[in-house]
Amino acid sequence: MPEADIEALVLSLAEIEAVKFGEFKLKSGLISPIYIDLRVIVSFPDILKKVSDLMWKKVEGASFSVICGVPYTALPIATCMSLTTKVPMLMRRKEIKEYGTKKAIEGTFQQGQTCLIVEDLVTSGASVMETVDPLEAVGLKVSDVVVLIDREQGGGARLASHGLCLHSAFTLTFILETLLRHGKIDPRTAAAAKEFVAKNQTFDQGNVVKDPAESTTKPSIARLPFSERQTMAQCTMAKRLFEVMMKKKSNLAVAADVKTVADLLSVADKVGPHICVLKTHVDLFTSWDDSTVAMLRDLANKHEFLIFEDRKFADIGNTVVGQYEGGIYRIAEWSDMTNAHMVPGPGIIDGLRSVGLSRGKGLLLLAEMSSAGNLANGSYTLATKAAAETNQDFVMGYISQTPNAWPGGPGSPGLIHMTPGVQLSAGGDALGQQYNTPEHVIGVNGSDVIIVGRGIIKATDPAAAAATYQEAAWHAYLNAVQAS
Ligand code: S5P
């Protein structure tokens with residue numbers, strides 16, 4: 001596109017008030033001297049076409065076979081590009097769909113395909129990352145992002161830190177200079193806008209500083225404190241677990257894998273002060289009745305811990321409904337959370353949700369396992385991540401191993417990662433269990449909660465052992481937050 005046409009496009013964006021000057025209050029409360037709202041371009045098909053053609057030119061040479069617009073403003077731009085170039089498009093759902101397929105990404109694609117992200121405006125890059133994460137979670141690759149306007153507030157640097165290359169049709173500086181040259185704004189206005197940009201950088205040497213104009217969602221890889229993540233959690237039980245962790249300064253869950261209910265109650269009472277969660281395998285016990293349930297719940301109230309029945313549901317929706325609420329164990333009555341494999345597909349979440357959601361329960365999805373040779377990895381883990389992301393009303397988090405290594409990182413900060421296979425020194429047992437240390441699990445692998453069984457319950461003094469693990473895991477969490 002000739003330079004004169006590019007300048008004409010900038011002038012027409014100002015004419016249709018897609019770029020405005022004055023005093024504008026941003027979502028963050030900041031007052032900005034410039035306001036860019038590109039939603040209006042849908043009313044001007046000629047401009048929309050020019051915008052998409054110019055953006056397309058900017059990604060010449062980049063390699064991709066499918067494109068995806070960031071909802072909503074960039075959707076018509078991406079559609080226009082797709083119609084012109086015949087490169088197929090995908091759509092990301094912004095809302096969680098309650099019924100139907102619950103897909104985060106709509107459209108036809110193959111795992112391993114590379115997708116170009118199309119966005120109207122980049123400030124901090126947070127909105128772009130909200131689309132990159134679910135695309136990567138379903139196995140697509142993302143390497144390039146094209147935007148109409150780069151506000152030059154750190155978005156490019158943040159995207160680069162995620163390995164993404166930002167291409168922009170215009171920088172804000174170019175827009176200001178063009179409008180100034182054509183007498184559309186005065187030098188004072190241009191200077192005020194430039195100053196605002198300089199003062200409101202969102203990314204400084206790899207750290208997110210602030211996010212003034214875009215979504216408040218933080219990048220998934222940053223280690224935000226539990227206090228902040230609690231406000232982002234959608235599931236009631238996730239909020240509750242964050243609260244318990246903060247109050248007790250404990251991100252330790254104990255796996256009470258004992259043989260009798262007497263031992264269960266004894267262990268629960270001993271380790272209770274040190275834990276946020278007590279994990280049970282109710283089918284290990286030789287008996288189970290209402291009085292045991294009452295005593296266990298009393299201990300949970302006394303020590304303020306949550307109860308996680310590690311049932312690992314793995315059947316079709318209709319079957320798990322009965323298994324969760326009925327049978328001898330009536331798990332939904334006394335446990336605060338349970339977990340499920342995603343092997344059967346999303347019907348398993350729907351089934352468990354139909355029992356647990358109204359009771360305020362939470363579900364953990366098994367995205368990875370600790371045992372040697374297990375099959376929960378690669379695309380299975382990514383599909384589980386996508387299922388968790390789109391069902392955050394009831395899914396409170398994951399059973400995972402290495403969330404920091406997942407494509408796109410650990411996912412939404414409102415989801416909690418719990419990791420079994422933890423002892424004070426790395427190693428394993430004779431049946432395939434593999435152990436990492438609390439520091440490694442929390443600090444390196446990016447988990448939130450350690451789950452410890454034999455390291456505590458087989459210790460001569462389980463209470464003292466629990467205190468040791470509690471301290472190690474909490475320190476690892478504090479260090480991880482401080483370091484990010
Ligand atoms: O991948 C997994 C998932 C789970 S929930 N690996 C696991 O070990 N678990 C559970 O964590 C397992 O069923 C057991 O209750 C606990 C680990 O116990 P430990 O004695 O090996 O620490």
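Residues numbered from 1 in each chain as written. Predicted model: local features only at pLDDT ≥ 70, side-chain atom pairs only at ≥ 80, totals over all residues. Heavy atoms only, no water.

By the naming in an unreviewed UniProt entry, the protein chain is Uridine 5'-monophosphate synthase, taken from Apatococcus fuscideae.

A. View of the UniProt feature "binding site: substrate" (unreviewed entry) in the protein chain. As annotated in UniProt, the feature "binding site: substrate" (unreviewed entry) corresponds to Asp257, Lys279, Ser370, Gln433, Gly453 and Arg454 in the numbering used here. Here Gly453 lies in the loop between strand S20 (449-452) and helix H17 (454-457). Structurally, Arg454 can be placed in helix H17. Aside from chain neighbours lying at most four places away, what touches Arg454 is Gln423, Asp429, Gln433, Tyr435 and Ala459. In this structure the side chain of Arg454 is engaged in a polar contact, spanning 2.9 Å, whose partner is the side chain of Asp429. (UniProt positions renumbered as here; feature names shortened; annotations may be inferred. Helix = DSSP H or I, 4+ residues; strand = E, 2+ residues; numbered from the N terminus. Contact = heavy atoms within 4.5 Å. Polar contact = N/O pair within 3.5 Å; in protein donor to acceptor, adjacent residues only side chain to side chain.)

B. Quick look at the pattern of salt bridges. Tallying each qualifying case throughout the model produces 21 salt bridges. Linking Lys57 and Glu60 is a salt bridge whose minimum nitrogen-to-oxygen distance equals 3.0 Å. For Glu60, a relative accessible area of 58% puts it in the exposed group. A salt bridge links Glu304 to Arg240; the shortest N-O distance between them is 3.8 Å. Of this pair, Glu304 sits in the loop between helix H11 (290-303) and strand S13 (306-313) while Arg240 sits in helix H9 (residues 236-248), and the two are 64 residues apart along the sequence. Note on Arg240: relative accessible area 28%, which makes it partly exposed. Among the ionic contacts, a cluster of salt bridges with common partners joins Arg240, Glu243, Lys247 and Glu304. (Salt bridge = Lys/Arg side-chain N within 4 Å of Asp/Glu carboxyl O. Buried < 20%, exposed > 50% of the residue type's maximum accessible area, 1.4 Å probe, protein only.)

C. View of helix H10 (residues 261-271). Residues of H10 that are buried: Val261, Leu264, Leu265, Val267, Ala268 and Val271. Burial along H10 is one-sided: seen end-on, the buried residues are contained in an arc of 165°. Of the surrounding elements, those touching the buried residues of H10 are strand S11 (252-255), strand S12 (277-280), H11, H17 and helix H18 (462-483). (Arc of directions from axis to C-beta.)

D. Here's a closer look at the packing of H10 against H11. In contact at an axis separation of 10 Å, H10 and H11 are set at 5° when each is read in the N-to-C sense. What the angle tells us is that H10 and H11 run roughly parallel. Contact residues: Val261, Leu264, Leu265, Ala268 and Asp269 in H10; Thr292, Met295, Leu296, Leu299, Lys302 and His303 in H11. (Axes fitted to C-alpha atoms, helices over the stretch in contact; angles between N-to-C directions. Parallel < 35°, antiparallel > 145°, perpendicular 65-115°, else oblique.)

E. Structural detail: the pairing of S12. Side chains of S12 alternate between two faces, with Val277 and Lys279 and Leu278 and Thr280 buried alike. One ladder, built from three bridges, connects S11 with S12; its direction is parallel. Among the inter-strand pairings, Ala255 is bridged to a residue of S12, identified as Lys279. Pairing between S12 and S13: four bridges, direction parallel. By the bridge assignment, Lys279 is partnered in S13 with Phe308. Handedness of the crossover joining S12 and S13 through H11 is recorded here as right-handed. (Pairing = 2+ DSSP bridges. Right-handed = clockwise from strand over helix to strand, strands pointing away.)

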